[in-house]
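Observations on the three-dimensional arrangement
Each chain, letter by letter, is given below.
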Amino acid sequence: MVRINSILLVEIVASVALVAGLAPAQALRVCADPDYLPYSNRAGQGFENKIAEAVAKALGKRLEYNWASYRGHGGFEEFLARTLDSGKCDTVMDIPYGSRAERTTAP
């Protein structure tokens, strides 16, 4: 189990490094929901917060968040339009497979 999780984290770091490499910056800007445990929250207690911390550390960048709710009008697609697509962040820690708003890889 630990080996699989380590491999997954390495894949995530590599994917984010590609995105972050397109726009050099001192920070990894992550868009996340401020109150959506167990995924993320402002206190950094969610598992997506932990992944973001590990990725930022691996890239040698500080971590910055842009907080927005997934559950607002328009759902996740609206969240992506207001955050990732508008350039307010470099990445989100998850996207539902088969999302029509963004391209995803096969799980």
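To start, this report covers the structure provided alongside it. (Residues numbered from 1 in each chain as written. Predicted model: local features only at pLDDT ≥ 70, side-chain atom pairs only at ≥ 80, totals over all residues. Heavy atoms only, no water.)

Here's the deal with the overall build of the protein chain
Worth spelling out the cut-off: Helical segments are the DSSP runs of H or I of at least four residues, strand segments are the runs of E of at least two, and each set is numbered from the N terminus. For each residue, the accessible area found with a 1.4 Å probe, counting protein chains only, is set against the maximum for its type, and the residue is called buried under 20%, exposed over 50%, and partly exposed in between. Residue contacts are counted whenever heavy atoms from the two residues lie within 4.5 Å of one another. Accessible surface area values rest on a Shrake-Rupley calculation with a 1.4 Å probe, where residue burial reflects the displayed protein chains alone.
The helix and strand tally for the protein chain stands at three helices and five strands. Looking at the 107 residues of the protein chain, the share that counts as buried comes to 32%. Sequence separation of at least 24 residues holds for 55% of the intrachain contacts in the protein chain that already meet a minimum separation of 6. Looking at the protein chain as shown, the accessible area adds up to about 6900 Å², and 57% of this sits on carbon and sulfur atoms.

Concerning the pairing of strand S1 (residues 27-32)
What counts, and what does not: Paired strands, as defined in this entry, are two strands with at least two bridges between them according to DSSP.
In terms of burial, S1 is largely enclosed, as five of its six residues are buried. Two elements, S1 and strand S4 (residues 62-67), share six bridges in a ladder whose sense is parallel. Along S4, the bridge assignment pairs Ala32 with Trp67. Pairing between S1 and strand S5 (residues 91-92): two bridges, direction parallel. For Cys31, the partnering residue across the bridge sits in S5 and is Val92.

Considerations on the packing of aromatic side chains
Which entries qualify depends on this criterion: Only the six-membered ring of Trp is used, alongside the rings of Phe and Tyr, when aromatic pairs are assigned; centres must lie within 6.5 Å, and planes under 30 degrees apart are stacked while those over 60 apart are edge-to-face, with the rest tilted.
The full count for this structure, using the stated rule, is seven aromatic pairs. Measuring from centroid to centroid gives 5.2 Å for Tyr36 and Tyr39, while their planes differ by 25 degrees, and the two rings are stacked.

Here we look at the pattern of salt bridges
If the charged atoms of two oppositely charged side chains come close together, the side chains can form a pair. Going by this rule: Salt bridges are counted wherever a side-chain nitrogen of Lys or Arg sits within 4 Å of a carboxyl oxygen of Asp or Glu.
Taken as a whole and assessed by the stated rule, the structure comprises four salt bridges. The shortest N-O distance in the salt bridge between Asp33 and Arg71 comes to 2.8 Å. Taken as a pair, Asp33 in the loop between S1 and strand S2 (35-36) and Arg71 in the loop between S4 and helix H3 (75-82) lie far apart in primary sequence, 38 residues in all. Owing to a relative accessible area of 1%, Asp33 belongs among the buried residues under this scheme. According to the relative accessible area criterion, Arg71 is partly exposed, its value standing at 46%. Note that Arg62 and Glu64 form a salt bridge whose closest N and O atoms lie 2.8 Å from each other.

Examining the sheet that holds S4
Our working rule: Comment: axis = line fitted to C-alpha atoms, over the contacting stretch for helices; angle = value between 0 and 180 degrees taken between N-to-C directions.
With respect to topology, three strands assemble into an open sheet ordered S4-S1-S5, the strand pairing being parallel. Looking at which strands have only one partner, the edges of the open sheet turn out to be S4 and S5. Across the face of the sheet, helix H2 (residues 47-59) comes into contact with S1 and S4 while running at roughly 140 degrees to S4.

Re H2
So the rule is basically this: Here, expected helix span is obtained from the residue count minus one, scaled by 1.5 Å. Here, the arc refers to the directions that run from the helix axis to the C-beta atoms.
With 13 residues, H2 should reach 18 Å at 1.5 Å per residue; the first-to-last C-alpha distance of 19 Å fits that figure. All of the buried residues along H2 are Glu48, Asn49, Ala52, Val55 and Ala56. Considered in projection along H2, the buried side chains sweep an arc of 125 degrees and stay on one side of the axis. In H2, the exposed residues that point more than 90 degrees away from the buried face are Lys57 and Ala58.

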